[in-house]
2 protein chains.
Amino acid sequence: MNNTTLKKLSEISGLSISTVSRALKNHPDISEKTKSLINELADTLDYEPNVNAVYLRTKHTRLFGVIVPSISNFFYDSVIATLEVESRKNNYSLMILQSGDDPNIEIANIKLCHQNRVSGLFACITPETKSIEPFQKLAELDVPVIFFDKVPDSSGCHKICVADEQAASLAANLIVEKQKKKVLALFENSKLLITKKRHETFTEIMRTHGIECISEFALNHYEAEKLTDAFLNEKPDAIFCMTDEILTGVMKSVQKRHLQLPDDIGVIAISNGFIPTLYYPQITYIETSGEKLAELAFQSMMTTLSGNTTIHDEMIDSRLVAGGSM
Amino acid sequence: MNNTTLKKLSEISGLSISTVSRALKNHPDISEKTKSLINELADTLDYEPNVNAVYLRTKHTRLFGVIVPSISNFFYDSVIATLEVESRKNNYSLMILQSGDDPNIEIANIKLCHQNRVSGLFACITPETKSIEPFQKLAELDVPVIFFDKVPDSSGCHKICVADEQAASLAANLIVEKQKKKVLALFENSKLLITKKRHETFTEIMRTHGIECISEFALNHYEAEKLTDAFLNEKPDAIFCMTDEILTGVMKSVQKRHLQLPDDIGVIAISNGFIPTLYYPQITYIETSGEKLAELAFQSMMTTLSGNTTIHDEMIDSRLVAGGSM
DNA sequence: ATGAAAGCGCTAACAA
DNA sequence: TTGTTAGCGCTTTCAT
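These numbers were taken from a predicted model, which means no experiment stands behind them. (Residues numbered from 1 in each chain as written. Chains lettered and ligands numbered in written order. Predicted model: local features only at pLDDT ≥ 70, side-chain atom pairs only at ≥ 80, totals over all residues. Heavy atoms only, no water.)

**What about the packing of aromatic side chains?**
For any pair of aromatic rings, geometry is given as the distance between the ring centres together with the angle between the planes.
Moving on, step 1. Taken as a whole, this structure holds 25 aromatic pairs over all chains when the rule is applied.
Moving on, step 2. Measuring from centroid to centroid gives 5.8 Å for B:Phe64 and B:Phe298, while their planes differ by 85°, and the two rings are edge-to-face. With a gap of 234 residues between them, B:Phe64 in strand β1 (residues 63–68) and B:Phe298 in helix α12 (residues 290–305) connect regions that are remote in the sequence. Residue B:Phe64 shares its accessibility class with B:Phe298, and that shared class is buried.
Moving on, step 3. In this arrangement the basic side chain of A:Arg62 is found over the ring face of A:Tyr92, its NZ or CZ atom lying 4.4 Å from the centre. (Phe/Tyr/Trp six-rings, centres within 6.5 Å; stacked < 30°, edge-to-face > 60°. Helix = DSSP H or I, 4+ residues; strand = E, 2+ residues; numbered from the N terminus. Buried < 20%, exposed > 50% of the residue type's maximum accessible area, 1.4 Å probe, protein only. Lys NZ or Arg CZ within 6 Å of the ring centre and 35° of its normal.)

**Considering the domain arrangement of chain A**
Residues and elements named next belong to chain A.
Moving on, step 1. Split by domain assignment, chain A resolves into domain 1 (6–48), domain 2 (61–161 + 290–316) and domain 3 (164–289).
Moving on, step 2. On the domain 3 side, the residues contacting the 14 residues of domain 2 number 12 residues.
Moving on, step 3. Between domain 2 and domain 3, a total of about 1,100 Å² is buried, with carbon and sulfur atoms accounting for 55% of that surface.
Moving on, step 4. At the boundary of domain 2 with domain 3, the tally comes to 2 salt bridges.
Moving on, step 5. For Glu128, the salt bridge is made with Lys191, and the minimal N-O distance between the two is 3.6 Å. (Domains from an automatic or database assignment. Contact = heavy atoms within 4.5 Å. Buried area = accessible area lost by both parts, 1.4 Å probe. Salt bridge = Lys/Arg side-chain N within 4 Å of Asp/Glu carboxyl O.)

**What about the protein's contact with DNA strand D?**
Moving on, step 1. With respect to spatial proximity, 27 residues lie near DNA strand D, and among them A:Ser18, A:Arg22, A:Arg57, B:Leu6 and B:Arg57 are the closest.
Moving on, step 2. Between a phosphate oxygen of DNA strand D and a main-chain N or O atom of A:Ser16, the distance comes to 2.7 Å.
Moving on, step 3. Within the side chain of B:Ser21, a nitrogen or oxygen atom sits 3.1 Å from a phosphate oxygen of DNA strand D.
Moving on, step 4. Of all elements in the fold, only α2 (17–24) and α4 (51–58) of chain A together with α2 (17–24) and α4 (51–58) of chain B reach the threshold of two or more residues within the surface near DNA strand D.
Moving on, step 5. Residues belonging to the surface near DNA strand D are distributed by class as follows: 10 nonpolar, 10 polar and 7 charged. (Near = heavy atom within 4 Å. Polar contact = N/O pair within 3.5 Å; in protein donor to acceptor, adjacent residues only side chain to side chain. Nonpolar A, V, L, I, M, F, W, Y, C, P; charged D, E, K, R; others polar.)

**Observations regarding the sheet that holds strand β7 (residues 212–217) of chain A**
Residue and element names in this part refer to chain A.
Moving on, step 1. Strand order across the open sheet formed by 6 strands is β7-β6-β8-β9-β10-β12, with mixed pairing between neighbours. The open sheet has two edge strands, β7 and β12 (319–321), and neither has a second partner. Across the sheet, the axes of successive neighbouring strands diverge by a mean angle of 20°, strand direction being ignored. (Pairing = 2+ DSSP bridges. Axes fitted to C-alpha atoms, helices over the stretch in contact; angles between N-to-C directions.)

**Structural notes on the sheet that holds strand β7 (residues 212–217) of chain B**
Residue and element names in this part refer to chain B.
Moving on, step 1. Strands sit in the order β7-β6-β8-β9-β10-β12 across an open sheet of 6 strands; the sheet is mixed. Each edge of the open sheet is held by one strand with a lone partner, namely β7 and β12 (319–321). Along the sheet, successive strands turn relative to each other by an average axial angle of 20°, direction set aside.
Moving on, step 2. Bridge count for strand β6 (residues 182–187) against strand β8 (residues 238–241) is 4 bridges, and the pairing is parallel. Directly across from Ala185, in β8, lies its bridge partner Phe240.
Moving on, step 3. Taken strand by strand, helix α8 (residues 164–177) contacts β6, β8, β9 (266–271), β10 (284–287) and β12, and its axis lies near 170° from that of β9.

**Side note on the pairing of β1(B)**
Residues and elements named next belong to chain B.
Moving on, step 1. Counting buried residues along β1, 6 of its 6 residues qualify, which places the element largely inside the surrounding structure.
Moving on, step 2. What you see with β1 is no split at all: Leu63, Gly65 and Ile67 on one side and Phe64, Val66 and Val68 on the other are buried throughout.
Moving on, step 3. Judged from the 6 bridges that link them, β1 and strand β2 (residues 93–98) form a sheet pairing that is parallel. If you follow Ile67 over to β2, its bridge partner there is Leu97.
Moving on, step 4. Following the backbone out of β1, through helix α5 (residues 76–89) and into the adjacent parallel β2, one traces a crossover that is right-handed.
Moving on, step 5. As defined by bridge partners, β1 adjoins strand β3 (residues 120–123) across 4 bridges and the pair is classed as parallel. (Right-handed = clockwise from strand over helix to strand, strands pointing away.)

**Digging into the environment of A:Lys196**
Moving on, step 1. On the secondary structure map, A:Lys196 appears in helix α9 (residues 193–208).
Moving on, step 2. Placed 32 residues apart in sequence, A:Lys196 and A:Asp164 show a C-alpha to C-alpha distance of 9.3 Å.

**Examining the interface of chain A and chain B**
Moving on, step 1. Across the contact, 56 residues belong to chain A and 56 residues belong to chain B.
Moving on, step 2. Contact between chain A and chain B buries roughly 5,300 Å² in total, counting both sides, with carbon and sulfur atoms accounting for 53%.
Moving on, step 3. Scanning the region where chain A abuts chain B turns up 2 salt bridges.
Moving on, step 4. Of the charged contacts in the structure, one is a salt bridge between A:Lys137 and B:Asp46, with a shortest N-O distance of 3.3 Å.
Moving on, step 5. There are 30 residue pairs in polar contact (both at pLDDT 80 or more) connecting chain A and chain B.
Moving on, step 6. Mapped onto the side of chain A that touches chain B, the elements with two or more residues apiece are α4, α5 (76–89), β2 (93–98), α6 (103–115), α7 (133–140) and α11 (244–256) of chain A.

**Details of the protein's contact with DNA strand C**
Moving on, step 1. Around DNA strand C there are 28 residues in total, and A:Leu6, A:Arg57, B:Thr19, B:Arg22 and B:Arg57 lie nearest to it.
Moving on, step 2. Within 4 Å of the protein, atoms of DNA strand C come from sugar and phosphate in 63% of cases.
Moving on, step 3. Separating a phosphate oxygen of DNA strand C from a backbone N or O atom of A:Leu6 is a distance of 2.6 Å.
Moving on, step 4. Within the contact set of DNA strand C, a base nitrogen lies 3.3 Å away from a backbone nitrogen or oxygen of A:Ala53.

Written out as structure tokens, the structure reads:
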């Protein structure tokens, strides 16, 4: 079976295509009688406007693209979930693309967005992204690009980030407050800006307060677990986890040794908030909310789309969520 | 700036639009010289075909839709991740929609898919979905609809599911094997087919082997935690968790009481495989893989799209993954 | 080897 | 209040 078109509706009703079109959009020129007639007809024939044809006339797709490293991730899944809800609320749809942290796939994905003539793009770049030129070309075509979470160094583009320094310092200050003496601090890929910021801020505060700090870098939870296994022997009285990924590794090691939190050792993480709730006692964490980030990114998209030319470079405040692990 | 079109390329090169179009698709009629000329030009001007215009001619969107209850979920995130990868491999894009388990949103989402003229739809229905008519209307328009995970009762539609009976019986049989005497079995929303199947199979095996079984239903992890808190007093020697969501609640309660697995109590779950690895010892679970399910669903989509009219009604085999919790 | 032209479904300016 | 028409970007049949 074929899709119902305006033409079909026009033929059946005996009215012209433009009258049908106008009736369907509730145009004031059209009589109520005609409107209800057409609407009823459209209803029974399951008419749905063809967005492809609409685009050709209006140059507006009502489609957003979003590129993330991976959807299966405690953080990005919540970002995407929020973007999808916001998009739908505003009559937009969401096309998702994963880069797998591969810059070539990233470029292919940008191309796909271009081919689909997305109205806007939300993008989280890979650690290997050296040039954002492909993104900028899209932007030159009046397609707003809102970078989020992992953003380029360059200025002049929209960036919505987690307040890394603030998050790291909130965590560090709690450790100071709790009068810890020796901290094991675990970080992710040292290439990432996010890692650099969190590492720098955290270790600086440790230094200032004369707290001994063992800094290690783990690429995944497994490495985090092994590092914790190893450094637990040095008897730290607190562990700082830069991300949820790290936290899961650390907790494996902690449970393995039957350590009781917070008495045997303190644990604090920077987290999206889900993983910390899986443990008892709940892990004390600094919340970096994917939902909030997505909301802000979406807002930037909409204001940019509405003609505002301000460059958005914003941060999501983080906050301490007290669990029972420190 | 405007997008480069065939017309623009034609004007600049002095060749006709059709020649440009053919050159770009490597048509044998076109001379090599012309081809390389046009390709170069297209490259420097960042020409990307407009899929909306292409659709209008070809009636082919190369866009799939997927509807899930929520993206932030241990299972669906992996399904979507796999669908996205497969789609991209096959030159399709993926539009995601969340229903939030609300049948009205579900219908609105189907409409969106229709409006976007998706080439196919992957759908996981809500517990409240009473009629699949809206889906079938899409199917009548030659848009294959592949139901997955939570599927309608009705026959005659494509369904890819987890082998619920098999998974439940694998779990039950392990409990029998381990000679457990009293089991607390926690299930999700009793309205769901998936719940009914798992519940029926599991309890039946318990009955056959004369194992005492306390069956309870929890709508979320919080309820699961509370139920565990309560029924732990009745001293079960094993807990069966129907899903990851249930498992997280159960483990909160188990950790709260400092119970050691598997000595104090045994725990077994049906799971996608991620959550069980967060604990030490790792939770023994029956794997129901979102990746495998998505792969099979995608395969069904492609064969259906290629003209094969077989109705796919398949199951993903599950398997026991031994952890240290039983 | 290349070009002309029609038409996909829709919107909107202009006409009536 | 309704109709006519042009054109968005592309593919493809039919010329040349």
